[in-house]
Amino acid sequence: MITTEAAEAEKKEIIRRYRRLLRKAKPFLKDNDAKIIKKAFNVSVEAHKEMRRKSGEPYIYHPIAVAEICVEEIGLGTTSIVSALLHDVVEDTDITLSEIERDFGKKVARIIDGLTKISGVFDTGTSQQAENFRKLLLSLSDDLRVILIKIADRLHNMRTLDSMPRDKQLKIASETIFLYAPLAHRLGLYAIKSELEDLNLKFTDGDAYRDIANKIRQTKASRTRFINHFIHPIQSELDRLGHSFTIKGRPKSIHSIWNKMKRQGVGFEEVYDLFAIRIIIDVPYEIEKEVCWKVYSIVTDYYRPNPDRLRDWISTPKSNGYESLHTTVMSRAGQWVEVQIRTKRMDDIAEKGYAAHWKYKEQGKNKSESGLEEWINTVRDTLDQADANALEFVEDFQGNLFSEEVFVFTPAGELKTLAQGATALDFAFEIHTEIGAHCLGAKVNNKLVPLNYKLKNGDQVEILTSKKQKPSEDWLRFVVTGKAKSKIKDILKEERKQAAIDGRELVERKLKQLKVENFEEAYNKLRAYYDLNSNTELFFRVAKGLIDPKELKTIESLTKKKGPGKGRISDGKTFKKEISRLKGSDQDALLIGEDMDILDYKLAKCCNPIPGDDVFGFVTINEGIKIHRTTCPNAKQLLSTHGSRVVKAKWNSQQEIAFLAGLRIIGTDRVGLMNDVTKVISQDLKVNMRSITIDTEDGIFEGDIKLYVNDTQHLDTLLKRLEKVAGVVNVTRFDQ
Ligand code: MN
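Just so you know, these numbers come straight off a predicted model, no measurement behind them.

Definitions and limits used
- Residues numbered from 1 in each chain as written.
- Predicted model: local features only at pLDDT ≥ 70, side-chain atom pairs only at ≥ 80, totals over all residues.
- Heavy atoms only, no water.
- Salt bridge = Lys/Arg side-chain N within 4 Å of Asp/Glu carboxyl O.
- Helix = DSSP H or I, 4+ residues; strand = E, 2+ residues; numbered from the N terminus.
- Buried < 20%, exposed > 50% of the residue type's maximum accessible area, 1.4 Å probe, protein only.
- Pairing = 2+ DSSP bridges.
- pLDDT = per-residue confidence, 0-100.
- Contact = heavy atoms within 4.5 Å.
- 1 Å grid on protein atoms, 1.4 Å probe; cavity = no way out; pocket = protein on both sides within 12 Å on 5 of 7 lines; lining within 4 Å.
- Points joined across faces, edges and corners; volume = space filled by probe spheres on them.
- Nonpolar A, V, L, I, M, F, W, Y, C, P; charged D, E, K, R; others polar.

### Some points on the pattern of salt bridges
Applying the stated criterion across every chain, the model contains 27 salt bridges. A salt bridge links Glu-73 to Arg-159, with the shortest nitrogen-to-oxygen separation between them at 2.9 Å. Of the two residues, Glu-73 sits in helix H3 (residues 61-74) while Arg-159 sits in helix H9 (residues 144-159), which places them 86 residues apart along the sequence. Owing to a relative accessible area of 31%, Arg-159 belongs among the partly exposed residues under this scheme. We note a salt bridge from Glu-537 to Arg-541, for which the minimum N-O separation is 3.2 Å. Of the two residues, Glu-537 and Arg-541 are both situated in helix H24 (residues 535-543); the distance of four residues between them amounts to about one turn of the helix. Overlapping salt bridges bring together Arg-20, Lys-24, Glu-68 and Glu-72 as one network.

The following block contains the structure:
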């Protein structure tokens, strides 16, 4: 039981904390602001009056602290203070959202609604957590303040995590490192991001945390000495510039030191860049850049810089708004040290991120659209997609939060920022989904490159498209941006859906012909027969020609006589064995070549085999024996489900007989290219062409040539010769 005195003391403490909040907010307050904040405070105190935190403290300490973080550490204003004070009332007390709207207006109500929707803690890596994260990001498009207040909320919970039970500590800490720290980083909230990471370490590896924290404390005196020595020679030069400045030497965060120790397998003493020296100059916006470079010049007059470690984020700010000039120089103590040169405005943005950035922008101090807003737009785009699987989404997105960036240009000279490792295809999707979906290749600095070309800083990229082009599964292997990944997945899914619809029509038509009445039952049998998990998969295969609808006739006999799956070879090993058996001995082999007049066979249209290819024969119901390549997309299906209908096939001898093959040629267009290509084909190698289709667009040349060759060797020679033609980038065989 709490005594009256204790209750009185608590009341005083609540008021004291509230006044401290007001004091910090004061510089930003206008007209009625203080009144509104007071009203919010009163509502919150009343609503939470019976509630206590796990630590036993009055609950109201928490909303006050969150509001304080919003003001002091993020730089937010009155609407956010009010929302922060009320952030837990709708979820935890009887107050409703409509009451909030009535008393505090629409804006505050919407923010609180957003905050209520993303509450709760879930297990890492579960779809529920992913959904939570998705909701969190969705609130970006509504009001960014929802996320900023949520981060403040999480920061305070992490600061007070001690009183939570161990299992909850771990859950909250892991969610913090998984979602909130990267999000804070992306929003430019460096100080908060570092603290969240440090706190995570404190609760997941307490020994390491305390060890590093102690060592940082113990080395403080020597660090101060080092900094004083370092500054000494340049101090008077800096004074002469005539601007006020401060110099700080801040140690890196515990988490980042721990990371380095772990990654490089070294002890604390061996981490050489434990801290950076920061020179902050207070100058008007107009002369910022000039002065920063003057300071750089002074520093490097006295200390030799490492030319590989110069980073100019003033000319090209990071997409989260970070601006600074970094250099690493050799100190007199024979130790490399990083020097960060920036103005007060830049430092403010670096510490407080988005809100500070916004403040300066409103003052008309920002020259260009910031990368941050572009980023928020990108997030919005990504979220707009229909039914992306939430977990997949988080993986794609999370990858992007941490990544470093690469800066490239459009042909018009516009700067685009992409994740490090992004390819030409990522760039295409960055420009527009349609451009990405039809991307054929790109020109980087006027040279033709393939889709998977990794972009480098400063590349100028022009995308080449073709109406014929469409995304394939392959593309997912070399795109890195979340946007490209999710768009490609969407298109593939859509295509699959459409194919399944077409396939269903084919199957239903066939079933009607066969006078089958119960379709569902037939689907069940078919699924079992082909060993498929869903109807969609069945329809998709039919549409893609992986299952011949004509084969469906056999279901009846299947169900009555043999039963499903009899005599089939299902695993890959057996399949390989089967193939090698087919290719093996010549005994009772079906020879194709000399005997072709005797045996009735046809070459499968799905893979157009030619002599030299590894092949097998397949006995069809109506069309005799069909010859497929073992690499045919249908091969595995045919061999595994109809093993008994497979017959050996072997090219007996090579002869002067022509087989149809297709070649696709891609290259840069130039005068005479066509002529050179056809010359190689018809004059040099004396090959007959059956048809040729050429498409040129934006300087890229795409030709499909069907021609008659004798065998694979013949085709190989042709391929190699064509690849040598100037301008040709790629020649591939296609099967149709
Ligand atoms: Mn809270």
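### Some points on the sheet that holds strand S13 (residues 615-619)
Reading across the sheet, the four strands line up as S12-S14-S13-S15 and stay open at both edges, with mixed pairing between neighbours. Strands with a single pairing partner mark the edges of an open sheet, and in this sheet they are strand S12 (601-603) and strand S15 (646-647). Bridge analysis of S12 against strand S14 (residues 625-629) gives three bridges, and the strand direction is parallel. Residue pairing for S14: Leu-603 is matched across the bridge by Ile-627.

### Description of the confidence of the model for the chain
Per-residue confidence for the chain averages 80 on the pLDDT scale, and 81% of its residues sit at or above 70. Within the model, pLDDT remains below 50 along residues 557-590, and this stretch shows 46 contacts once partners closer than five positions in the same chain are excluded. The model gives residues 593-598 a pLDDT under 50, and that stretch makes seven contacts with residues more than four places away or in other chains.

### A look at the layout of surface pockets
Estimated volume of the second largest pocket: approximately 1300 Å³. Lining of the second largest pocket is provided by 36 residues; of these, Gln-469, Lys-470, Pro-471, Ser-472 and Trp-475 occupy positions nearest its centre. Contributing elements (two or more residues each) for the lining of the second largest pocket: strand S8 (439-444), strand S9 (447-449), helix H22 (482-513), strand S17 (659-668), strand S19 (700-709) and strand S20 (728-734). The dominant element in the lining of the second largest pocket, judged by the number of residues it contributes, is H22, at five residues. Classifying every residue of the lining of the second largest pocket gives 15 nonpolar, seven polar and 14 charged.

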